[in-house]
Amino acid sequence: MNQPIRGYTLTQWVGSGGMGEVYQAYHTATQRTVAIKMLSRVEQAERFRNEAAVQASLRHPHIALVYEFFVENNLSCLVLEYIEGPTIEQYIKKSGPLSEEVAWNLLAQIASAMDYLHNRGIVHRDLKAGNVKIARQGKAKLLDFGLARFANSPKLTHEGYVIGTTGSMAPEQFSGQSSSASDCWALGVLLYEMLTGQSPFGGSTLSEISRRIQKADYVAPQKLNPRLSKASERLIDKLLTVSPDRRFTARQVVEALRHPHLLDSPDWVGQMRKWWDRVKP
Ligand SMILES: Nc1ncnc2c1ncn2[C@@H]1O[C@H](COP(=O)(O)OP(=O)(O)OP(=O)(O)O)[C@@H](O)[C@H]1O
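Residues numbered from 1 in each chain as written. Predicted model: local features only at pLDDT ≥ 70, side-chain atom pairs only at ≥ 80, totals over all residues.

- Looking at an unreviewed UniProt entry, one finds the chain named Serine/threonine protein kinase and attributed to Larkinella rosea.

**Describing the overall build of the chain**
Inference 1: Summing up its helical and strand segments, the chain has nine helices and nine strands in all.
Inference 2: A burial count over the chain gives 40% of its 281 residues as buried. (Helix = DSSP H or I, 4+ residues; strand = E, 2+ residues; numbered from the N terminus. Buried ≥ 20, exposed ≤ 12 C-beta atoms within 10 Å, placed from the backbone.)

**Overview of the sheet that holds strand S1 (residues 8–17)**
Inference 1: Strands sit in the order S1-S2-S3-S5-S4 across an open sheet of five strands; the sheet is antiparallel. The sheet is open, and its two edges are formed by S1 and strand S4 (66–72), each paired on a single side. Between one strand axis and the next, the sheet turns by 25° as a mean value, whatever way the strands run.
Inference 2: Judged from the eight bridges that link them, strand S2 (residues 20–27) and strand S3 (residues 32–39) form a sheet pairing that is antiparallel. If you follow Tyr26 over to S3, its bridge partner there is Thr33.
Inference 3: Packed onto the sheet, helix H1 (residues 45–56) meets S3, S4 and strand S5 (75–81) and runs at close to 25° relative to S5. (Pairing = 2+ DSSP bridges. Axes fitted to C-alpha atoms, helices over the stretch in contact; angles between N-to-C directions. Contact = placed C-beta atoms within 7 Å.)

**Notes on the site of the ligand**
Inference 1: In the region of the ligand, 21 residues are neighbours, and Gly15, Gly17, Gly18, Val22 and Ala35 sit closest.
Inference 2: Elements represented by at least two residues in the shell around the ligand include exactly S1, S3 and S5.
Inference 3: The element contributing the most residues to the shell around the ligand is S1, with four residues.
Inference 4: Grouping the constituent residues of the shell around the ligand by class yields nine nonpolar, eight polar and four charged.
Inference 5: Summarising the domain contributions, the shell around the ligand has at least three residues from each of domain 1 (8–81) and domain 2 (88–275). (Near = placed C-beta within 6 Å. Nonpolar A, V, L, I, M, F, W, Y, C, P; charged D, E, K, R; others polar. Domains from an automatic or database assignment.)

**As for helix H8 (residues 250–258)**
Inference 1: What H8 keeps buried is the set Ala250, Val253 and Ala256. For H8, the buried positions fall inside an angular range of 120° around the axis, keeping them on one side.
Inference 2: Tucked into the core, H8 has its buried residues touching helix H3 (100–119), helix H4 (180–196) and helix H7 (230–239). (Arc of directions from axis to C-beta.)

**A look at the environment of Asp144**
Inference 1: Its place among the elements puts Asp144 in the loop between strand S8 (140–142) and strand S9 (149–150).
Inference 2: On the basis of neighbour counts, which here come to 24 C-beta atoms within 10 Å, the residue Asp144 falls in the buried class.
Inference 3: If sequence neighbours within four positions are ignored, Asp144 has contacts with Asp126 and Asn131.

**Comments concerning the UniProt feature "binding site: ATP" (unreviewed entry) in the chain**
Inference 1: The UniProt record marks Lys37 with the feature "binding site: ATP" (unreviewed entry), using the residue numbering of this structure.
Inference 2: Structurally, the position occupied by Lys37 is in strand S3.
Inference 3: Apart from residues lying up to four places away in sequence, Lys37 is in contact with Met19, Gly20, Val22, Leu78 and Leu80. (UniProt positions renumbered as here; feature names shortened; annotations may be inferred.)

**Quick notes on the environment of Ala231**
Inference 1: Locating Ala231 in the fold gives a position in helix H7.
Inference 2: The class of Ala231 is partly exposed, set by 17 C-beta atoms lying within 10 Å.
Inference 3: Excluding residues within four positions of it along the chain, Ala231 makes contact with Pro260, Leu263 and Asp264.

**Quick look at unusual backbone geometry**
Inference 1: Positive phi values are uncommon outside glycine, yet Arg6 reaches one of about 50°.
Inference 2: The residue Arg6 is located in the segment before S1 in this model.
Inference 3: Unusually for a residue other than glycine, Ala216 sits at a positive phi of about 45°.
Inference 4: Position of Ala216 relative to the elements: it lies in the loop between helix H5 (206–214) and helix H6 (221–224).

**Topic: the packing of H3 against H8**
Inference 1: In the contact formed by H3 and H8, the axes pass within 8 Å of each other and the chain directions differ by 150°. In this structure, H3 crosses over H8, and the sense of that crossing is left-handed. Contact with H3, carried on its side by Trp104, Leu107, Ala108, Ala111, Ser112, Met114, Asp115 and His118, involves Ala250, Arg251, Val253, Val254 and Leu257 of H8 and no other residues of that element. (Left-handed = near helix turned anticlockwise from the far one by under 90°.)

What follows is the structure in structure tokens.
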């Protein structure tokens, strides 16, 4: 661990994920503490390179920076801004659901990062509570572009192989369709989890989870958190909408959070459509 790699001294193992191992490291020349993601499986090198290329081109206050990418001793290393603090998932596991004020604050930051990505033709594809860190002063930082790709870059999945984390997958992703709207569905799942502490689409089997997602069949969040405002409930409703065309965009989320009165009046047509999505054969 103490042998420096390209001037980086590994100081701590942070964890492992779908793409490889993550270490905290110190770069003496720049006196920077960074996170280094190391790819363990050679067959995923292209995927890893893709992650690096996507992230290196981005500059947004709520997206972790990429400093550099290099290959050393057959290991692909992605050097990232080190983000101190728990992920939203870790935070909820430890302390339970967030207050509406904190959840809205985090959602506004993440939606603005998503809007930034979507305006550049990038679909994140893996937004989930475990991929957002709560850094100092409640600042949200989006991590992990393992599954992101530019909309026109080569498809890295073979046919029939569904990517994404099942609980946050949008209905259309089960048939291989992913777009910026799928990220907005994941924003809805995230908001639901932050406010209730529970996943909207739990289930014991993949087919049960899939069936519930395809029908947007979730327990009304107010049943789990009776103090929840109508505005939060309507925002979740606007995001967990089966048809991608009728779902709120990231920009609309940012606007709605800035002007919550936009969510004041009930959307009867939307309610009827949702009811129909649930009951139709
Ligand atoms: N830039 C970073 N700063 C601090 N910790 C990080 C950073 N990037 C990742 N981590 C942490 O390292 C661990 C592994 O992260 P990684 O992104 O590889 O996988 P994951 O998000 O846990 O899973 P998956 O790859 O399946 O999405 C996680 O605990 C994550 O929070």
